[in-house]
Amino acid sequence: VSTLTRDDVLHLARLARLELADDEIDLFARQLAGILEFARQIEAVDTASAAQDEPAMPPPGTLREDLVLPSLERDAVLAAAPAADPRTGLFKVPRVLNG
Amino acid sequence: MTVRTALELRDAVAAGTTTALAACDAAIERLEATNPSLNAFISISPAKARIRAGELDRSEACRRLPLAGVPVAIKDNICTRGMRTTAGSRILEHYVPLYDATVVERLEAAGAVIVGKTNCDEFAMGSSTEHSAFGAVRNPWDRDRTPGGSSGGSAAAVAARVVPLALGSETGGSVRQPAALCGIVGLKPTYGRVSRYGLIAFASSLDQVGPFGTRVVDVAACLGIIAGHDPRDATSATVQVDDYAGATRMDLGALRVGIPRELVGEGIEAGVRRAFDEAIDVLRSAGAQVVDIALPHSRYATATYAIVVMAEASSNLGRYDGVRYGTRAADDGRLADMYAHTRGLFGREVKRRVMLGTYVLSAGYYDAYYLKAQKVRALIRQDFERAFERVDVVATPTSPTTAFPLGERLEDPVQMYLADVFTVSANLAGIPAISVPCGFADGLPVGVQLTGRAWDEATLFRAAAAYERLTPWSAQVPRG
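Residues numbered from 1 in each chain as written. Chains lettered and ligands numbered in written order. Predicted model: local features only at pLDDT ≥ 70, side-chain atom pairs only at ≥ 80, totals over all residues. Heavy atoms only, no water.

Some words on the overall build of chain B
Line of reasoning, step 1. Within chain B one finds 17 helices and eleven strands.
Line of reasoning, step 2. Its C-alpha atoms give chain B a radius of gyration of 21 Å, within 12% of the compact-globule value 23 Å for 480 residues.
Line of reasoning, step 3. Overall, the C-alpha framework of chain B stretches about 65 × 55 × 45 Å when taken along its three principal axes.
Line of reasoning, step 4. The buried share of chain B, taken over its 480 residues, is 66%.
Line of reasoning, step 5. In chain B, once contacts between residues fewer than 6 apart in sequence are set aside, the share between residues at least 24 apart is 76%.
Line of reasoning, step 6. For chain B, the centre of its 52 positive side-chain charges and the centre of its 52 negative side-chain charges are spaced 1 Å apart. (Helix = DSSP H or I, 4+ residues; strand = E, 2+ residues; numbered from the N terminus. Rg over C-alpha atoms; globule rule 2.2 N^0.38 Å. Buried < 20%, exposed > 50% of the residue type's maximum accessible area, 1.4 Å probe, protein only. Contact = heavy atoms within 4.5 Å. Lys, Arg positive; Asp, Glu negative; His and termini not counted. Charge placed at Lys NZ, Arg CZ, Asp CG, Glu CD.)

See below:
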């Protein structure tokens, strides 16, 4: 029951867009299985009486009016980015499409 | 070294018997003397702090502020404008926020002087401050042991008397547990009590900012300043903020204290058990009514917490993609490779949680893990609601053990999670809880935790301060 294969770990890493070091794959297979086994304790709880229609944490706050307010300065935000073009006001990323 | 509480220092600044600059210099001197061995700070800001202290000294109005000239430390997952904010992560190693967190704005407006940013587990994920990209923090009581975590840097800084006040953050005990392991006071406020604007998000249905101090009254005064509605955080509540410092001057009265017997029965170190029992005896002798209560679902709290926290973390940490801020790893491949390389900078605990969060939210597993955990969470909350019909506070040890040795649990994630067995319930239920020093076991501090009704931090401060007056523990200072 409580085993994860190297392929399971690599699949999760792919879904989460995480690069793993090679020695992390076997380590995580073992550790993640152990954590999931620990988490499965809750299977034993009878949750029939639990309120299902209300959120676990009711939102305590109130929503503000939907007004346009000053935001961060665009040039300052772009200057803090790993790669940006302040002239066009865009963040830069590696090419996605060919051609 | 003159040890003053935050409010004593404030009074001395107001009376002119010391200056904000002198207090600031003393804190920086102490910081520089202790940081090589404690590693409590990731960044320090002595020049900026001295300039701010000088400004306070030159203004009569500023010297009357509620925290005038009090040096403070801020956990490094709370944004400070123009001052590097790393969250203990390689991925934010060079991140300099363009804005202040609301709690930082409020502390500075109250006259506090920030001397530095404290070390923490990466993105606040951990219970020992060993999961920091900037090295482990050491416990001032025994440098071979952890200070607890994730706010271990803030706890160590206050315990070592570098600063009398510090901010940490809580998701499952990250203020209370290090407070207990370092022999100081730490509070987790009610969910929604304190603005999270500028707190780097980890698990949004649980996160709260909380203060550390050496005395209950300092923590109470600090909460009074940072609490209250903030239009920039829709989860901050409009509930009235009480006179917390005033609450610390009240008598214990006929406080009703509940002990969840099934929870404090097993798995607790003998020395912790003894200190806790003595603390309950002190409360009883002072007039408290001590009764047994049932919190039948709390034994599942740590497992429930693990599922909820991982799901929310995997979602929140999706934002670290190397595009808009933070570090971008190798840029020469495809976009998807850039994401994976960049996120490969996460440490192991963050990777574990992001992967497991992805797992429990996946089709086929969602109902068995995430949905089930949400239902157990509702039952845990109902247990507390029922208990608070009979009692005013619930008492447990804060941690089942004293400070554990560095490295002991690093490779065993489940053992690390069990450090929070007594603290996670309050986060799941959204209610406030405080840890107060209650003695020592083999020379290491022990804390007692008092948990209260939602929005009733005042009762926690009343009970904790009354207990503190009856015991010598808060005045104990680590050597060196």
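The discussion continues.
A few points about the nonpolar core
Line of reasoning, step 1. Counting 73 residues, the largest nonpolar core has Phe123 and Met355 of chain B as its most contacted members.
Line of reasoning, step 2. Contributions of two or more residues to this core are made by helix H1 (6-15) and helix H2 (22-39) of chain A together with helix H11 (301-316), helix H13 (348-360), helix H14 (367-387), helix H15 (413-417) and helix H16 (424-429) of chain B.
Line of reasoning, step 3. Those residues in contact with Phe123 of chain B, other than ones at most four positions away along the chain, are Ala87, Ser89, Ile91, Leu92, Ile200, Phe202, Leu317, Tyr320, Phe346 and Val350 of chain B. (Core = buried A, V, L, I, M, F, W, Y, C linked by side-chain atoms within 4.5 Å.)

What about the interface of chain A and chain B?
Line of reasoning, step 1. Contact residues are listed per partner, giving 55 residues for chain A and 68 residues for chain B.
Line of reasoning, step 2. Approximately 5,100 Å² of surface area, both sides summed, lies buried where chain A meets chain B, with 71% of it carried by carbon and sulfur atoms.
Line of reasoning, step 3. For Glu24 of chain A, the salt bridge identified is with Lys351 of chain B, shortest N-O distance 2.9 Å.
Line of reasoning, step 4. Connecting chain A to chain B are 14 residue pairs in polar contact (both at pLDDT 80 or more).
Line of reasoning, step 5. The set of elements that each furnish at least two residues to the side of chain A that touches chain B consists of H1, H2 and helix H3 (74-79) of chain A.
Line of reasoning, step 6. Top element by residues in the side of chain A that touches chain B is H2 of chain A. It accounts for eleven residues.
Line of reasoning, step 7. In the side of chain A that touches chain B, the residues fall into 36 nonpolar, eight polar and eleven charged. (Buried area = accessible area lost by both parts, 1.4 Å probe. Salt bridge = Lys/Arg side-chain N within 4 Å of Asp/Glu carboxyl O. Polar contact = N/O pair within 3.5 Å; in protein donor to acceptor, adjacent residues only side chain to side chain. Nonpolar A, V, L, I, M, F, W, Y, C, P; charged D, E, K, R; others polar.)

Observations concerning the environment of Glu105 of chain B
All names here are of chain B.
Line of reasoning, step 1. Tracing the chain through its elements places Glu105 in helix H5 (residues 102-109).
Line of reasoning, step 2. With 76 residues separating them in the primary sequence, Glu105 and Leu181 have C-alpha atoms 29 Å apart.
Line of reasoning, step 3. When near neighbours in sequence (up to four residues on either side) are disregarded, Glu105 contacts Asp100 and Arg232.
Line of reasoning, step 4. A polar side-chain atom of Glu105 sits 3.0 Å from a polar atom in the side chain of Arg232.

A word on the sheet that holds strand S6 (residues 208-213) of chain B
Within a beta sheet, neighbouring strands are joined by backbone hydrogen bonds and run either parallel or antiparallel to one another.
Residues and elements named next belong to chain B.
Line of reasoning, step 1. Taken in spatial order, the eleven strands of this open sheet run S1-S3-S2-S4-S6-S5-S10-S11-S9-S7-S8, and their pairing is mixed. Bordering the open sheet on either side are strand S1 (41-44) and strand S8 (289-293), each of which pairs with just one other strand. Ignoring strand direction, the axes of neighbouring strands in this sheet form an average angle of 30°.
Line of reasoning, step 2. With six bridges connecting them, strand S4 (residues 165-170) and S6 associate as antiparallel partners. Within S6, the residue paired with Ser169 across the bridge is Val209.
Line of reasoning, step 3. The sheet contacts of helix H6 (residues 152-159) involve S1, strand S2 (71-75), strand S3 (113-118), S4 and S6, and relative to S4 the element is tilted by about 155°. (Pairing = 2+ DSSP bridges. Axes fitted to C-alpha atoms, helices over the stretch in contact; angles between N-to-C directions.)

Just distances and angles here, no functional claims.
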